[in-house]
Amino acid sequence: MSRPADLVQGTLDALILQTLALEPMHGLAVAQRLRARSGEVLNVSRGSLYPALHKLEHQGLLRAEWRLSESGKRAKYYSLTRAGARHLAREQKDWQRLSSAISMILKPT
Amino acid sequence: MVVRHFRAWWLRLAGLFTAARRAQDFDAELEAHLEMHIEHNVRLGMTPEEARRHALVALGGPQVVRDTYRDRGTIPLIESLAQDLRFALRMLRKAPGFAATATVILTLGIGANGVIFNFINAVLLKPLNGGRHAELMGLYSGDRTRPDAFRLFSYPEFVDVRSRNDVFAELFAESRMPAGVTENGLTRLAIASYVSSNYFRALGATPTIGRFFTAEEERPGSGAPVAVVSHGYWRRLGMPADIIGRTLFVNGQPLTIVGVAPNAFHGTLPGLPAEFWLPLGGASLTAIDERFSSITDDRSSFSLMVLGTLKPGVSAVEAQARLVPLADALEAAYPQWNRNQRLLVQRQSRVNFGLPPSGDTETMIGAMVLMAISGMVLVVACLNLANLQLARGSVRRQEIAVRLALGGSRLRIVRQLLVEGVLLSGAAGAVAIGVAWWGSARISSSISSLLQRDIAIDTAPDARLLMVIGAACVLSAIVFSLGPAVKLSRSDLVTAMKQVGPLPSARRRRVSMPGVLVATQVALSLALLVTAGVFARASVNAASSDPGFALEGGILVDVDAAIGRLSEAETRVAYARVLDRLRALPDVRAASAASIVPFGPARDGRFVRHQDASVAATFTVVFSQYFETLGIPIVAGREFTPVEEQRITEPVAVIDRHLSARLFPGRSPLGEFVQLARGDAVDGVPLRIVGVVPSVRDDILAAANAHIYVPFGHQFRGAMTFHLRTAPGLETAVMARARGVLRSVDGRLAVLGVRTMTAHRDGTPDLFGVMLGATLFAAFGLIGLVLSAAGLYGLRAYLVAQRTRELGIRLALGATRSDVVGQLVKEGSITSAAGIVVGLALALALVQLLRQSGMLYQVSALDPAVFALAPLTLILATVAASYIPARRALRIDPSAALRPE
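Owing to the predicted nature of the structure, the values given are computational and were not obtained by experimental measurement.

A.B. asks: Before we go on, may I ask you to explain the overall build of chain B in this structure?
C.D. replies: If you tally the helices and strands in chain B, you get 30 helices and 23 strands. With 901 residues in all, chain B has 43% of them scored as buried. A fraction of 82% describes how many contacts in chain B between residues 6 or more apart in sequence connect residues 24 or more apart.

Structure, rendered in structure tokens:
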């Protein structure tokens, strides 16, 4: 299996933001959700996930806080900030434009 | 967007300080992640062990995550720089020999530049009088028909310009004079300045205690008996609070001290500030020389320097233009004195005072040349270190190769080596600051002892020195680290890691980087050695070439009767008695007196005319026995008689051959008449020539010029220098006796100095300059020589060691040891020969440049001794540097050399 997470650096950021747009969750949940939603295609290495999470936090796109998880354990929950939401919207638009452009080219004529 | 970047940066910066806490937080997060993942896996039906293993694998190894995290968490550059620094320290501690050598080499290089720069800094760059000096303008009165003719100002003229100009914020007048100051019965020579009342205000000075001068005290002829003393004078007295009101004897006149100038007040001539200031009105009281007693209300007596500060926003050029109408008005009102005089405004020099106006450009250029030459020492040091780094690199190549193999970036490795370089040069720089302070203080104290006066040169390190040394450190680190660093980090990984030296003969480049570095060092060292050589030659030439008079056994006693207020009649009687007594002293072969001493600072010139010819000549008033005392033979005619020493029987003169040849070419001047003149004005009666003597040199660095001598009976001088001749070795005893004679004849006679003729010569500022040059450049040249020889030695030793195997083969195949040694020395010589050729060209250019300074007395541009000896020294040093490693390499047994394969 290829390593889609390495495909485009910004892509993983966008995926994380999109995942977290639904609700605040901790790192493991983000990874599992990504895997599940991509139909088991995207298997994000945790070595990439956490640095990305922290980078987004530094950039002010995410905020983090310690909360109790559903199973009663302490975990760090990430949620989207307003700037993060704006960034995600922009990324989505960009991606749509890019992917439609690519698919137009790749479409067998 | 910008805000977000800033926020991210800020968090990272903060991260530098909260790193520990944040690492804990992150560990906790990873912990939680693991636990949850294991739980999840267990829910999926794995055993706990399996669940744990899967979770760990998925996490991708906690340490890797942590590292990636940390690189993001703080500013990596700063953190890795700190890492580099720690690593560099560790590496240097592992090689203390290298670290020490490198620091010493760099200290020599940076220190040499620090000394020179700090001295130049003190003389030319440091702000003076609280920065006021930089604003100071000199006002000059020049003849518009003769571009080089300048004159001083008369007092009424100065007052006119001061009150009627609209460009100067302050305009003041000053006249500096040497004055006899009597303390505890001893009179010494000091610099006093007659100044206008606004002098101190214009220079931004406020009295430490007391007051400065009033307008009434400024008025010429007021005879105000007051003085302001320098802070240094007050300090030497122990800073008495009751200094105000004390009496100071200047030229025999009691003056009341009214004020003390502030500390570090430089006046108008920074290096040599006045020790005492007197109001212009005081000149009528204290001046004994006509130049200064002529500070009067008379428009015809030009005796004042005029300086000032311009109003804000007015430039010197603009001020000069706006002074034209004023000069025209003065010309119209006083055509007798102001015809064709225009007013010139020029920035006041830091090193010159007086006419003609001069800027600091020339001094600056000299300073720059000096800096460039000392810079060569630093370049040699850097090149040397670069080679050391390369040699060390061959040891470190393995370490570097491993780091490259492990994924270290080349940039990071280059940076690492640079950090090491900066660390070394930083350590050297710290020492160099001390060296610079010490060295420049030494130069200034030797100048001070030469002039026998305090000179105000502040050599304490300042921000400027720190900046220059800092820049030298960084630049030299770049020079000596960057090249080797780039080269080393490019090294072929596989070869290096195998730790087998490359087969040297396989691909030996003709021109190698270390070879070029060594050749450049040799070239620069040669240039330095040649410079040292020509300066040494110049000082030897100047000191040893025949001055025209005898130095050994000569004694000089400076006396000024005017300071003690003796009248002319009293002085004549006193001087006659002094000479009688001196001549009667045991061990004194001859004694006389003269108004001017060769090589001395005082000058007195006249034009000597005969018919239409007019020749400039040095004019000396002498007693009888003068020529005998100085060991000057009489070529024709006679000396002056003791009678001529006392009164005029008939106006007579003795001239030297030089003057005789100019005025009376091809015939005897005896019995001919000459006329003295000052400028255009005839001075006195015609003089009959009674004797001819050989020429003497007035300046230690100049050829002999024309001289005319007249007897003391003809011309009176209060200030005379007594000359004594004794046998060499007896000077000290005779000097003490001479002092006793002067004291016993008349206590009022001020003895300003007693010294031997040789000491007098050695104390000549010109000779001092040349000797200082010789010493400095000899030190530079020696450093260069040692460094480049050591550099070549190191290079050859390294190359020869690499070739042990090849040499072994050659020996085994039947080459003799001397063949091989010859070959090796020849190879080394090619490197140094290239350097010597380039160095000779460089040296020629440098000597040409230095010759223009006039300091290289009687040294030709291609001085054979220097241009033969300097390269020879280098050749010997470099041959030795190639020979010794070659010898050592051949001590090994050929079969042993072959075996390691």
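A.B. asks: Would you take a moment to explain unusual backbone geometry for this structure?
C.D. replies: Leaving glycine aside, a negative phi is the common case for residues, and trans is the common case for peptide bonds. All names here are of chain B. Non-glycine residue Ala264 carries a positive phi angle of around 60°. On the basis of neighbour count, Ala264 is assigned to the partly exposed category, with 14 C-beta atoms found within 10 Å. The phi angle at Asn340 is positive, at roughly 65°, despite the residue not being glycine. Its location among the elements puts Asn340 in the loop between helix H14 (335-338) and strand S11 (341-347). When the 13 C-beta atoms within 10 Å are taken as the criterion, Asn340 is described as partly exposed.

A.B. asks: Would you mind going over the packing of helix H28 (residues 817-851) of chain B against helix H29 (residues 864-890) of chain B with me for this structure?
C.D. replies: Packed helix pairs are specified by the crossing angle of their axes together with the interaxial distance, meaning the distance between the axes. Residues and elements named next belong to chain B. Between H28 and H29, whose axes approach to 8 Å, the crossing angle comes to 150°. Of the possible angle classes, the one that applies to H28 and H29 is roughly antiparallel. The two elements H28 and H29 cross, and the hand of that crossing is right-handed. Counted together, Arg817, Val820, Val821, Leu824, Val825, Gly828, Ser829, Ser832, Ile836 and Leu840 of H28 and Pro871, Leu874, Ile875, Thr878, Val879, Ala881, Ser882, Tyr883, Ala886, Arg887 and Leu890 of H29 form the full contact between these two elements. A class-by-class count of the residues in the contact of H28 with H29 yields 14 nonpolar, five polar and two charged.

A.B. asks: Can you help me understand H29 of chain B in this one?
C.D. replies: In an α-helix, one turn spans 3.6 residues, which is why side chains three or four residues apart end up on the same side. Between its terminal C-alpha atoms H29 of chain B stretches 38 Å, which fits the 39 Å expected from 27 residues at 1.5 Å a residue. Buried within H29 of chain B are the following residues: Val866, Phe867, Ala870, Pro871, Leu874, Thr878, Ala881, Ser882, Pro885, Ala886 and Ala889 of chain B.

A.B. asks: Looking at this model, I keep getting lost on the nonpolar core. Mind explaining?
C.D. replies: Generally speaking, nonpolar side chains in soluble globular proteins are found buried as a group. Membership of the largest hydrophobic core comes to 223 residues, with the highest contact counts inside it found for Ala227, Val306, Ala381, Leu526, Val530 and Ala653 of chain B. In terms of residue count, helix H19 (residues 513-544) of chain B provides more of this core than any other element does, 17 residues in total. Those residues in contact with Val306 of chain B that lie beyond four places of it in its chain are Leu139, Phe153, Phe158, Val161, Leu171 and Ala173 of chain B. Leu34, Leu49 and Tyr78 of chain A together with Met36 of chain B belong to the second-largest nonpolar core, a separate cluster that totals 24 residues.

A.B. asks: Even after reading the chapter, I still don't get the packing of helix H26 (residues 765-802) of chain B against H28 of chain B, so can you show me in this structure?
C.D. replies: Residue and element names in this part refer to chain B. In contact at an axis separation of 11 Å, H26 and H28 are set at 140° when each is read in the N-to-C sense. Taken together, the axis directions place H26 and H28 in an arrangement best described as oblique. Of the two elements, H26 crosses H28, and the hand of that crossing is right-handed. Facing Leu792, Arg796 and Val800 of H26, the residues of H28 in contact are Leu824, Gly828, Thr831 and Ser832. For the contact of H26 with H28, the per-class residue count stands at three nonpolar, three polar and one charged.

About the cut-offs
Residues numbered from 1 in each chain as written. Chains lettered and ligands numbered in written order. Predicted model: local features only at pLDDT ≥ 70, side-chain atom pairs only at ≥ 80, totals over all residues. Helix = DSSP H or I, 4+ residues; strand = E, 2+ residues; numbered from the N terminus. Buried ≥ 20, exposed ≤ 12 C-beta atoms within 10 Å, placed from the backbone. Contact = placed C-beta atoms within 7 Å. Axes fitted to C-alpha atoms, helices over the stretch in contact; angles between N-to-C directions. Parallel < 35°, antiparallel > 145°, perpendicular 65-115°, else oblique. Left-handed = near helix turned anticlockwise from the far one by under 90°. Nonpolar A, V, L, I, M, F, W, Y, C, P; charged D, E, K, R; others polar. Expected span 1.5 Å × (residues − 1). Core = buried A, V, L, I, M, F, W, Y, C linked by C-beta atoms within 7 Å.

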